[in-house]
Amino acid sequence: MVEYLNLILRLAIWFLLTANLSVVNILIGVSIAFLLPHRHQALGTLKEWLRVLGHIVMAIPLAYYEAFEMILRPHQQEDVTLERVRSRRTSGLIFLDIFLITFTPKTIVLKYHEAGWYEVHRVSQRRQR
């Protein structure tokens, strides 16, 4: 099941990059998704995939809330922090984690460190003490 989620993720990225749903583009996307190398070492569990997808669905209203909050009350404080990557994450789950963090307007991932850290830039209204 998780292998299908990896395939769907690759196809979704392909369609987002090309913005073309023609038959030829779908065939190219499917062939590329199958031809890209697969890691068979540690596939993420279905539970982890569903958890991340649930967080993404919950992030949509949060993104709207943060956008309106930034419009109504300007945010002038910036911080760069390190966040730990959950243990045993596959590359697909790491991509979704980075997408989730970057999806909301107040945060963006600046860098992924191979040692297991995300470097995250955040904006806030004022310095927290």
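Up top is the structure these notes are about.
To start, this report covers the structure provided alongside it. (Residues numbered from 1 in each chain as written. Predicted model: local features only at pLDDT ≥ 70, side-chain atom pairs only at ≥ 80, totals over all residues. Heavy atoms only, no water.)

Observations concerning the side chain of Thr107
Phase 1 of the analysis: By secondary structure assignment, the location of Thr107 is in strand β2 (residues 107–113).
Phase 2 of the analysis: Assessed through its relative accessible area of 12%, Thr107 is described here as buried.
Phase 3 of the analysis: A polar contact of 2.8 Å, which involves the side chain of Thr107, links it to the side chain of Thr104. (Helix = DSSP H or I, 4+ residues; strand = E, 2+ residues; numbered from the N terminus. Buried < 20%, exposed > 50% of the residue type's maximum accessible area, 1.4 Å probe, protein only. Polar contact = N/O pair within 3.5 Å; in protein donor to acceptor, adjacent residues only side chain to side chain.)

A few points about the packing of aromatic side chains
Phase 1 of the analysis: For the structure on display, the rule yields two aromatic pairs.
Phase 2 of the analysis: Aromatic pair Phe99 and Phe103: ring centres 5.6 Å apart, planes at 40°, arrangement tilted. With Phe99 and Phe103 both in helix α4 (residues 91–103), this residue pair falls four residues apart, about one helical turn. (Phe/Tyr/Trp six-rings, centres within 6.5 Å; stacked < 30°, edge-to-face > 60°.)

A short note on the sheet that holds strand β1 (residues 77–84)
For sheets, the rule is that strands pair by backbone hydrogen bonds, running either parallel or antiparallel.
Phase 1 of the analysis: Spatial ordering of the open sheet is given by β1-β3-β2, a layout of three strands whose pairing is antiparallel. The sheet is open, and its two edges are formed by β1 and β2, each paired on a single side. Ignoring strand direction, the axes of neighbouring strands in this sheet form an average angle of 25°.
Phase 2 of the analysis: Of the strand pairs in this sheet, β2 and strand β3 (residues 117–124) are connected by six bridges, and their pairing is antiparallel. Residue pairing across strands places Val109 opposite Val120, the latter belonging to β3.
Phase 3 of the analysis: Where α4 meets the sheet, it contacts β1, β2 and β3, and its direction lies at approximately 150° from that of β2. (Pairing = 2+ DSSP bridges. Axes fitted to C-alpha atoms, helices over the stretch in contact; angles between N-to-C directions. Contact = heavy atoms within 4.5 Å.)

Honestly, it's all geometry; don't read function into it.
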